[in-house]
Amino acid sequence: MLNTIQVLCSDITTLSLEAKQFASYTEADIISTVEFNQTGELLATGDKGGRVVIFQREPESKNEPNCQGEYNVYSTFQSHEPEFDYLKSLEIEEKINKIRWLPQQNAAHFLLSTNDKTIKLWKVSERDKRPEGYNLKDEEGRLKDLSTVTSLQVPVLKPMDLMVEVSPRRIFANAHTYHVNSISVNSDCETYMSADDLRINLWHLAITDRSFNIVDIKPANMEDLTEVITAAEFHPYHCNLFVYSSSKGTLRLCDMRASALCDKHSKLFEEPEDPSNRSFFSEIISSISDVKFSHSGRYLLTRDYLTVKVWDLNMENKPIETYQVHDYLRSKLCSLYENDCIFDKFECAWNGTDSVIMTGAYNNFFRMFDRNTKRDVTLEASRESSKPRAVLKPRRVCTGGKRRKDDISVDSLDFTKKILHTAWHPAENIIAIAATNNLYIFQDKVNSEVH
Amino acid sequence: MLSRGVKRKLEDDEEIMAAETSGAFDSSSSLPYPQQRQLVLNMCLSKLQSCHMKVEPSLHRSVLLANTLRQIQEEMRQEGGDLLLESPVYPNNSSVTDNTMSSSLCFSSSPSYENDGDEQPVDSRSSDSLFGSFEISNSTSYLTDLALDDIFEDIDTSMYDSSDFSTVMSFPVPRSPVSSSEDTMKSFPTCISPSSNGIQICITDLNDLDHIMEILFFGISQFSLT
């Protein structure tokens, strides 16, 4: 399978969020989340400046059959603005922490976006017609003096240029004291949850003034605090089940049928620490930065600092698979701790069939692991190597011993270039990689040749 | 220090390989264990301290730092007796003086610290906002109601009595046998260089257990606004 993941780069000039190639970027341009919708037709990114950019996949054109699959900007809007909490004297950043699409139910698309505190529901809809021929209102929309209207005129819909409208539909505020790290839409399509460092709340999508607290791990005394919630997600089709991960490397599966407040988990997934790898940083590197249910709902994928793990919902005492993302960093933990990289939160993703997993690393590298063949590959998202339609070459990090041509040594990895956010198309082998302020979209070569 | 290798040219490659195989790759691994631990401890403290400067620090990060600190703490406590004897060896230029230590102690233990007269606006502002947030939250004001000693009474600090400590320190301190120690310390400037505003948060010995726990407690209690 993995040998077919020779990826093609779509036309990155249309996908780059930079105004100019190699132009300097500001902090606000850094992409902070990437998410495909349920069909894969749309792809949304959020950035530190509070903006959301939606890309749409172009339909196949008759003249150029190879064009299929390119994503172009569909809509851009400002989702969050910097705010100030006067009660607590705190600035609230506009950075978009997560975006989640709602399953499509009519012509419009809906998505949830969140910053540290406030979740917003957005409606994305198209308009290509407008009514013309009103005679009750003047050009500026003001009601005319009705005595001057002498005839009844029925407005008609006239075609116009396609317009994408994005409007805020709900604002879910004031429910989180700590930073929201995850949102997840339930399979019932009516509720969603939002998780912060210490609590998880359950919301109805239509109700903004009320939410139910379903997990609360805040101790009575904050001095006793040793663990925080790092991510949370609903089961893909059992609407009563959800999982949350912690900074101590544990996963807790909760069943909302058991009680209103799920403080008692149904299952606890935890792997005993390997004493041979023990160091000062053991706890920090075991902190889970992301958790994802497989599409089948049978497995869980977790990312910690050095590994990705696949857990079977039916086995709590250890993961069924563990993949090393960049084990060569194990000897450099002290430096990574010093420069704060050890606190980086890498995400992870499943492919459409749950057979391949993907996660990011440093130096603009990202890794893919084939679960069946146990093969893995390191690829690089860079402007140099990803000219449109070029095939990505696997990269190799040299860890002592003989160094081959094109290998890169651990010492020359650039730790400021990190791929934290990645997304995989729900059905096809198309992946989206956020590298600082650039979005790369790679596509399986075989796939595009077939079309 | 990671950036050290970034712009190497081809001819330097052999050098790199040599460094890799000799294991002098990561500076921490060349240090003896107690000093490694001390290094990590110092970084923990300075990171926690810098957390306080932020208006709303990441709770996740603070908890991870605090747990690491606790772990080292516990380890040092368990082997406390031995450690006093083989007290960590520091180069004479480690720039930690009684003065800076006492000022750092002052900083973290009393909100209305007045000392030395050379106070910096930055720090007083941060400590103000810190305590300001407590008032607003209107929750139990831990810091004023509780003596810090009580909170961590399970930790026996008596053996690290300051008088003992000072006698240990008054002996001329021999250079560490690891000749590279000075170099390696240099690569962690956050730990050994005096900070620009004069507050020195470098904690060099068990003597400062109390202080460590204060920082620890301090860092976490910032989040107690419900």
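Residues numbered from 1 in each chain as written. Chains lettered and ligands numbered in written order. Predicted model: local features only at pLDDT ≥ 70, side-chain atom pairs only at ≥ 80, totals over all residues. Heavy atoms only, no water.

Under an unreviewed UniProt entry, chain B has the name Si:dkey-177p2.6 and belongs to Erpetoichthys calabaricus.

As named in an unreviewed UniProt entry, chain A is Serine/threonine-protein phosphatase 2A 55 kDa regulatory subunit B, taken from Erpetoichthys calabaricus. The UniProt entry for chain A carries the following comment under Sequence similarities (unreviewed entry): "Belongs to the phosphatase 2A regulatory subunit B family." Its UniProt record, at the heading Subunit (unreviewed entry), says of chain A: "PP2A consists of a common heterodimeric core enzyme, composed of a 36 kDa catalytic subunit (subunit C) and a 65 kDa constant regulatory subunit (PR65 or subunit A), that associates with a variety of regulatory subunits." (UniProt positions renumbered as here; feature names shortened; annotations may be inferred.)

Attention shifts here to the overall build of chain A. The helix and strand tally for chain A stands at four helices and 32 strands. The C-alpha atoms of chain A give a radius of gyration of 24 Å, which matches the 22 Å a tight globule of 451 residues would have. Its C-alpha atoms give chain A principal-axis dimensions of roughly 90 × 60 × 40 Å. Within chain A, the proportion of its 451 residues that are buried is 54%. Within chain A, contacts between residues at least 6 apart in sequence are counted, and of these 55% link residues at least 24 apart. Summed over all atoms, the accessible surface of chain A reaches about 20300 Å², with 50% contributed by carbon and sulfur. (Helix = DSSP H or I, 4+ residues; strand = E, 2+ residues; numbered from the N terminus. Rg over C-alpha atoms; globule rule 2.2 N^0.38 Å. Buried < 20%, exposed > 50% of the residue type's maximum accessible area, 1.4 Å probe, protein only. Contact = heavy atoms within 4.5 Å. Areas by Shrake-Rupley, 256 points an atom, 1.4 Å probe, with all protein chains shown as cover.)

Scanning chain B from N- to C-terminus turns up twelve helices and zero strands. Of the regular secondary structure in chain B, the N- to C-terminal order runs α-α-α-α-α-α-α-α-α-α-α-α. Put simply, 79% of the contacts in chain B that link residues at least 6 apart link residues at least 24 apart. Working note: accessible area of chain B is about 11100 Å², and carbon and sulfur atoms make up 54% of it.

With that out of the way, let us pick up the side chain of A:R57. Here A:R57 shows up in strand β4 (residues 51-57). Of note is the side chain of A:R57, whose polar atom sits 3.0 Å from the side chain of A:E428. (Polar contact = N/O pair within 3.5 Å; in protein donor to acceptor, adjacent residues only side chain to side chain.)

What follows covers the pattern of salt bridges. With the rule as written, the count across this model stands at 31 salt bridges over all chains. Of the charged contacts in the structure, one is a salt bridge between A:D327 and A:R330, with a shortest N-O distance of 3.2 Å. (Salt bridge = Lys/Arg side-chain N within 4 Å of Asp/Glu carboxyl O.)

A few words now on the sheet that holds strand β14 (residues 199-204) of chain A. Residues and elements named next belong to chain A. Taken together, the four strands give an open sheet; going across it, the order is β12-β13-β14-β15, and neighbouring strands pair in antiparallel fashion. Taken across any chain shown, the strands that pair with only one partner, and hence form the sheet edges, are β12 (182-185) and β15 (212-216). Geometrically, the sheet is characterised by an average inter-axis angle of 20° between neighbouring strands, direction not taken into account. Pairing of β14 with β15, which is carried by four bridges, proceeds in the antiparallel orientation. Within the sheet, the bridge partner assigned to R199 lies in β15 and is D216. (Pairing = 2+ DSSP bridges. Axes fitted to C-alpha atoms, helices over the stretch in contact; angles between N-to-C directions.)

The subject of this paragraph is the packing of aromatic side chains. Considering all chains together, one arrives at 19 aromatic pairs over all chains under this definition. Note on A:Y337 and A:F343: the rings are 6.2 Å apart at their centroids and 45° apart in plane angle, and the pair reads as tilted. With relative accessibility at 0%, the residue A:Y337 sits in the buried group. Relative accessible area serves as the criterion here: at 13%, A:F343 is assigned to the buried category. When the centroid spacing of 4.9 Å and the interplanar angle of 55° are considered together, the rings of A:Y362 and A:F415 count as tilted. With A:Y362 in the loop between β25 (356-360) and β26 (365-370) and A:F415 in the loop between β29 (408-409) and β30 (421-424), the pair connects residues that are 53 residues apart, well separated along the chain. No difference in accessibility class separates A:Y362 from A:F415, as the two residues are buried. Taken together, the aromatic side chains of A:F280, A:F281, A:Y337, A:F343 and B:Y33 make up a single cluster linked through ring pairs. Cation over ring: A:R371 sits above A:Y299, and NZ or CZ is 4.7 Å from the ring centre. (Phe/Tyr/Trp six-rings, centres within 6.5 Å; stacked < 30°, edge-to-face > 60°. Lys NZ or Arg CZ within 6 Å of the ring centre and 35° of its normal.)

Before going further, it helps to examine the sheet that holds strand β5 (residues 71-78) of chain A. All names here are of chain A. Strands sit in the order β2-β3-β4-β5 across an open sheet of four strands; the sheet is antiparallel. Strand pairing shows two members of the sheet lacking a second neighbour, β2 (31-36) and β5, which therefore form its edges. Adjacent strand axes in the sheet meet at a mean angle of 20° when their direction is disregarded. With five bridges joining them, β2 and strand β3 (residues 42-47) adopt antiparallel strand pairing. Note on β3: the bridge partner recorded for I31 is D47.

Core analysis: the largest hydrophobic core is formed by 49 residues, its most contacted members being A:Y305, A:L329, A:Y337, A:I342 and A:L413. For this core, the secondary-structure elements that each account for two or more residues are α2 (282-286), β21 (299-303), β22 (307-312), α3 (333-338), β24 (348-350) and β26 of chain A together with α2 (33-53) and α3 (59-78) of chain B. With residues up to four places along the chain from it excluded, the contact list for A:L413 reads A:Y328, A:L329, A:N363, A:F365, A:V397 and A:I408. Core analysis: the second largest hydrophobic core is formed by 16 residues, A:A349, A:I431, A:Y440 and A:F442 among them. (Core = buried A, V, L, I, M, F, W, Y, C linked by side-chain atoms within 4.5 Å.)

A few words on α2(B). Taking 1.5 Å as the rise per residue, α2(B) with 21 residues should run 30 Å; its terminal C-alpha atoms sit 31 Å apart, in good agreement. Of all the 21 residues making up α2(B), 17 are buried; the element is thus mostly covered by neighbouring parts of the structure. (Expected span 1.5 Å × (residues − 1).)

With that out of the way, let us pick up α3(B). All names here are of chain B. Between the first and last C-alpha of α3 there are 28 Å, a value that for 20 residues agrees with the 28 Å anticipated at 1.5 Å per step. Judged by how many residues are buried, α3 sits mostly within the fold: 16 of 20 residues are covered. N-capping of α3 is provided by S58, with a side-chain oxygen placed 3.4 Å from the backbone N of H60.

Another point: the confidence of the model for chain A. Low pLDDT means the predicted coordinates in that region are not meant to be read closely. Considering every residue of chain A, the mean pLDDT works out to 88; 90% of them sit at 70 or more. The low-confidence segment residues 447-451 of chain A, where pLDDT is below 50, has nine contacts with residues more than four positions distant or belonging to other chains. (pLDDT = per-residue confidence, 0-100.)

Quick look at unusual backbone geometry now. Residue and element names in this part refer to chain A. Unlike most non-glycine residues, S89 shows phi in positive territory, near 55°. Assignment of secondary structure puts S89 in the loop between β6 (83-85) and β7 (90-92). Backbone geometry at K374 places phi at a positive 60°, although glycine is not the residue there. Examined against the element boundaries, K374 turns out to sit in the loop between β26 and β27 (376-380). By relative accessible area, which is 48% here, K374 ends up partly exposed.

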